[in-house]
Amino acid sequence: MSSRHPIIATTGSSGAGTTTVTTTFQQIFRREGVKAAIVHGDAFHRYNRDEMRIKMAEVQSGRGTDFSHFGPEANLFEELETLFRVYGQSGTGRARKYLHDEEEAAPYGQKPGTFAPWEDIPPETDMLFYEGLHGAVVTDDVNVAQHADLLIGIVPVINLEWIQKLHRDKAVRGYSQEAIVDVILRRMPDYINYICPQFSQTHINFQRVPTVDTSNPFAARDVPSPDESMLIIRFKDPRGVDFPYLLSMLPTSFMSRSNTVVCPGSKMPLAMQLIFTPMIWQLMDRKMHAS
């Protein structure tokens, strides 16, 4: 970890709420005058959209091993660790963008589902902010987690994650229920081996738990809303956390353990503002003294 060039990484599967986290951090950065280099994890996928379809077809026809966006075969873990290490040392590094749609692809003259060219991180940034699947990944070959100053896990309970995936993939991508269930099953080994272990590396976890019945996620008619959820906030090291202040600012919140706050799911953005603003001050203060 380098205090001179701080790195904040949020990790969690898509649909978990990582976009909410990124938006909240952008608001904090803007308000506090912090110039952050923002990097998204899908830029470190190994295959573009067409290549991924071909690989998936090979797997489904039995010519390849199980593989998914969660595991090392479909990602550039080494390049991600290199970015974290180099940025931490020097405040520089190389990254690229995954072009999701026509609007993002147009400036590059490329088609959606491809990668923009690798580029240097803009000079003179205050910190690096990563949002994606693998901000705290550790394997036999790489240890991305060791390079981050602040690691944040965003994870709904598994039933809620499946409900969100089912509804999003049907509505946005037009997938059938059978196709989505097949993806969930195929991703499970990588989810267990590469996603879950990260949440033991993270410094703070945010876990949304529904307060409505999700017993059969494959028959749920709608996605439980934040108002129909509670948020579990777990601090790996509770020292220095002002719990009385947090409890007073988050109505109806309480502590379920000495390092865990429970609050209404709709209060997630507010909780993040309260928790992360002083942490960013600390990182900026350490950066200033290290320079």
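Residues numbered from 1 in each chain as written. Predicted model: local features only at pLDDT ≥ 70, side-chain atom pairs only at ≥ 80, totals over all residues. Heavy atoms only, no water.

Bringing the nonpolar core into the picture now. The biggest cluster of nonpolar side chains holds 29 residues, and the ones touching the most others in it are Ile8, Phe25, Phe206, Ile233 and Phe276. Elements with a contribution of two residues or more to this core: helix H1 (18-32), strand E7 (127-132), strand E8 (150-154), strand E9 (204-210), strand E10 (229-235), helix H8 (243-249), strand E12 (260-264) and helix H9 (268-290). Broken down by element, this core gets its largest block of residues, eight residues, from H9. Excluding residues within four positions of it along the chain, Phe25 makes contact with Ile8, Thr10, Phe129, Ile152, Phe276 and Ile280. (Core = buried A, V, L, I, M, F, W, Y, C linked by side-chain atoms within 4.5 Å. Buried < 20%, exposed > 50% of the residue type's maximum accessible area, 1.4 Å probe, protein only. Helix = DSSP H or I, 4+ residues; strand = E, 2+ residues; numbered from the N terminus. Contact = heavy atoms within 4.5 Å.)

Turning our eyes to something else, we now look at empty space enclosed by the protein. The tally for this structure, following the rule as stated, stands at two cavities of 30 Å³ or more. Volume-wise, the largest cavity comes out at about 70 Å³. Together, Phe70, Ile158, Glu161, Trp162, Lys165, Ile184, Arg187, Met188 and Tyr191 line the largest cavity. If you list the elements that add at least two residues to the lining of the largest cavity, you get helix H5 (158-173) and helix H6 (177-195). Among the residues making up the lining of the largest cavity, the classes are represented as six nonpolar, no polar and three charged. (1 Å grid on protein atoms, 1.4 Å probe; cavity = no way out; pocket = protein on both sides within 12 Å on 5 of 7 lines; lining within 4 Å. Points joined across faces, edges and corners; volume = space filled by probe spheres on them. Nonpolar A, V, L, I, M, F, W, Y, C, P; charged D, E, K, R; others polar.)

Another point: the layout of surface pockets. Of the voids in this model, the second largest pocket is the one considered here, and its volume is about 620 Å³. In terms of lining, the second largest pocket is formed by 21 residues, of which the most central are Asp237, Arg239, Val241, Met279 and Gln282. Elements supplying a minimum of two residues to the lining of the second largest pocket: H8 and H9.

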